[in-house]
Amino acid sequence: MMSDVIVIGAGVVGLSAALALQARGLKVTVVDREGPAAGASAGNAGAFAFTDILPLASPGILKKAPKWLLDPLGPLSVPPAYALKIAPWMFRFWRACSPARVAQSTTAQTALMDLSKAELEPFLAATGTSDMLEKKGNLQVYESEAELNASLPGWQARAEHGIEFRHLRAGEMAELQPGLSPRFTHGTFTPGWYSISDPKLYTLALAERFRANGGRIETAEITALNAGPEGVEAVAGIRSLRAAHAVICAGAFSHRIARSVGDRIPLETERGYNTTLPQNAFDLRTQVTFGGHGFVISRLSTGIRVGGAVELGGLNLPPNYKRSEAMLKKARAFLPGLNPEGGVQWMGFRPSLPDSLPAIGRSKASPRVIHAFGHGHLGLTQSAGTARLVADLVTGTAPAIDLTPFSPQRF
């Protein structure tokens, strides 16, 4: 029997969308090249970063980037083998860093964040996953008053959008999170920063709920879509699947499928690295963000995760786990009591667009094809909001927010 909707991608965005579509009474099939939680949804930091409204593309990053790029193991790197290929994307990224573009992106990102936060807890309740949500906040730490002062315009922008935070000195930070190195003299705590107990287990729980609701998950690599007036054909090798609608949520691989229906979307791959240590590695009481060094440390139900940084290296280069080792070495210095033994390394692909906003909207080729990808570091954070928007688009309901800034045709 033909499905109403094929969702391509069984990560947190795809499965959230599939569940939201089921809730509207639609028959849904999910197709993924590897299966549920096989990509970035398995190894992220587990944060619902609703306060993270400022785009990565910004004047501030342009000031930091030259210094960071000189360090091959630093917060931002481009492998020499990939530098020429990514040049057009970097040019678009540079254009998105203008103050006017940043202001527009911040407004759009805030709208999607507000929707995602409003949708999250009802979504968790509906999917039986509420017990996985934690609200322990995030502590951003600084190594000097000058570094704190440099961050103040960003905090002012958050204040204008109603985000709660408070600046701290070393003594207050120690009460909130004991064990920080004295090199960190100032910090900012955001209590509205939620997390999930483990992102992989959460995504797998969504898959189980989807199946329990009658959904089907198939393992196949969709290489092309053919859209017609009566429906969509998803091609996977010698076989194909048909449905009235298709939703592309295939993470870093999404642009390849979108291209098959004529949508050329400049999606790039931020390769993220981490090391997950045993639970007793450190007494971590809140997520800690080392912004000047581009990584975080977070507590999951399955361990202590040290990860982050950005390597713009595409889908095909082999992992460079020296990046994981560099972050862990810094974490040992920043948290002197951290036990670095017994860690498991990981690398995953974050799907990123030059202006830091995802592509959410209809294909120019057919209103039956919906794009919902390119969330960068914010896939988990924006998953419930994106799911709501996908369900609105498929069912012909007016979207909950203005989707113009997220148009797949904006590039």
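Just above, that's the structure.
Here goes a summary of the coordinates provided. For clarity, every value in this text was computed on a predicted model and none was experimentally measured. (Residues numbered from 1 in each chain as written. Predicted model: local features only at pLDDT ≥ 70, side-chain atom pairs only at ≥ 80, totals over all residues. Heavy atoms only, no water.)

**Quick notes on a positive patch on the surface**
Stage number 1. Taken together, the side chains of K85, R256, R259 and R264 present a region of like positive charge at the surface.
Stage number 2. Relative to the helices and strands, R264 resides in the loop between α9 (254-259) and β14 (268-277). (Patch = residues over 30% accessible without salt bridge, like charges linked within 9 Å, V, L, I, M, F, W, Y side chains within 5 Å. Areas by Shrake-Rupley, 256 points an atom, 1.4 Å probe, with all protein chains shown as cover. Salt bridge = Lys/Arg side-chain N within 4 Å of Asp/Glu carboxyl O. Lys, Arg positive; Asp, Glu negative; His and termini not counted. Charge placed at Lys NZ, Arg CZ, Asp CG, Glu CD. Helix = DSSP H or I, 4+ residues; strand = E, 2+ residues; numbered from the N terminus.)

**A look at the pairing of strand β16 (residues 295-300)**
Stage number 1. With 5 of 6 residues buried, β16 is to be regarded as a mostly interior element.
Stage number 2. The hairpin formed by strand β15 (residues 287-290) and β16 contains 4 residues between the paired strands, and G294 there has a positive phi angle of roughly 75°.
Stage number 3. Pairing analysis gives 6 bridges linking β16 to strand β17 (residues 303-312), with the strands arranged antiparallel. Note on β17: the bridge partner recorded for I297 is V306.
Stage number 4. The hairpin turn running from β16 into β17, its antiparallel successor, is 2 residues long. (Buried < 20%, exposed > 50% of the residue type's maximum accessible area, 1.4 Å probe, protein only. Pairing = 2+ DSSP bridges.)

**Points about the nonpolar core**
Stage number 1. Residues V7, L21, V30, F48, Y202, V247 and F406 are the most contacted members of the largest nonpolar core, which totals 54 residues.
Stage number 2. Among the elements that make up this core, the one with the highest residue count is helix α1 (residues 12-23) (8 residues).
Stage number 3. When neighbours within four sequence positions are excluded, Y202 is seen to be in contact with V12, F123, L124, T129, M132, I196 and L380. (Core = buried A, V, L, I, M, F, W, Y, C linked by side-chain atoms within 4.5 Å. Contact = heavy atoms within 4.5 Å.)

**Here's the deal with the pattern of salt bridges**
Stage number 1. Taken as a whole and judged by the stated rule, the model has 17 salt bridges.
Stage number 2. With a shortest N-O distance of 2.7 Å, R24 and D392 are connected by a salt bridge. Here D392 lies in helix α11 (residues 383-395) and R24 lies in the loop between α1 and β2 (28-32), a separation of 368 residues in the sequence.
Stage number 3. Judged by its relative accessible area of 33%, R24 falls in the partly exposed class.

**As for α1**
Stage number 1. Look at α1: 16 Å from first C-alpha to last across 12 residues, which is about the 16 Å you get at 1.5 Å a residue.
Stage number 2. Positive backbone phi, at 90°, marks G25, one or two positions downstream of α1. (Expected span 1.5 Å × (residues − 1).)

**Here we look at the sheet that holds strand β9 (residues 194-196)**
Stage number 1. Ordered by their spatial adjacency, 3 strands build an open sheet running β3-β9-β5, and the pairing between neighbours is antiparallel. With one partner strand each, in any of the chains shown, β3 (47-48) and β5 (133-134) form the two edges of the open sheet.
Stage number 2. Bridge count between β5 and β9: 2 bridges; the pairing is antiparallel. What sits directly across from E134, in β9, is S195.

**What to know about unusual backbone geometry**
Stage number 1. If you check the backbone angles, A309 has positive phi at about 65° while not being a glycine.
Stage number 2. As for its position among the elements, A309 is in strand β17.

**Section: the packing of aromatic side chains**
Stage number 1. Scanning all chains against the criterion turns up 12 aromatic pairs.
Stage number 2. Centroid distance F48 to F50: 6.0 Å. Interplanar angle 15°. Geometry classified as stacked. Like F50, F48 is buried.
Stage number 3. Among the aromatic residues, those joined into a cluster by ring pairs are F184, F290, F295 and F334.
Stage number 4. Here R33 stacks its cationic end above the ring of F253, 4.0 Å away from the centre of that ring.
Stage number 5. Stacked on the ring of F184, the Lys or Arg R183 has its end atom at 6.0 Å from the ring centre. (Phe/Tyr/Trp six-rings, centres within 6.5 Å; stacked < 30°, edge-to-face > 60°. Lys NZ or Arg CZ within 6 Å of the ring centre and 35° of its normal.)

**Quick word on the environment of T395**
Stage number 1. On the secondary structure map, T395 appears in helix α11.
Stage number 2. Taking the C-alpha atoms as reference points, T395 and R24, 371 residues apart in sequence, are found 8.0 Å from one another.
Stage number 3. Beyond its immediate stretch of four places on either side in the chain, T395 contacts R24 and L26.
Stage number 4. Of note is the side chain of T395, whose polar atom sits 2.6 Å from the backbone oxygen of A391.
Stage number 5. A distance of 3.0 Å separates a polar atom in the side chain of T395 from a polar atom in the side chain of T397. (Polar contact = N/O pair within 3.5 Å; in protein donor to acceptor, adjacent residues only side chain to side chain.)

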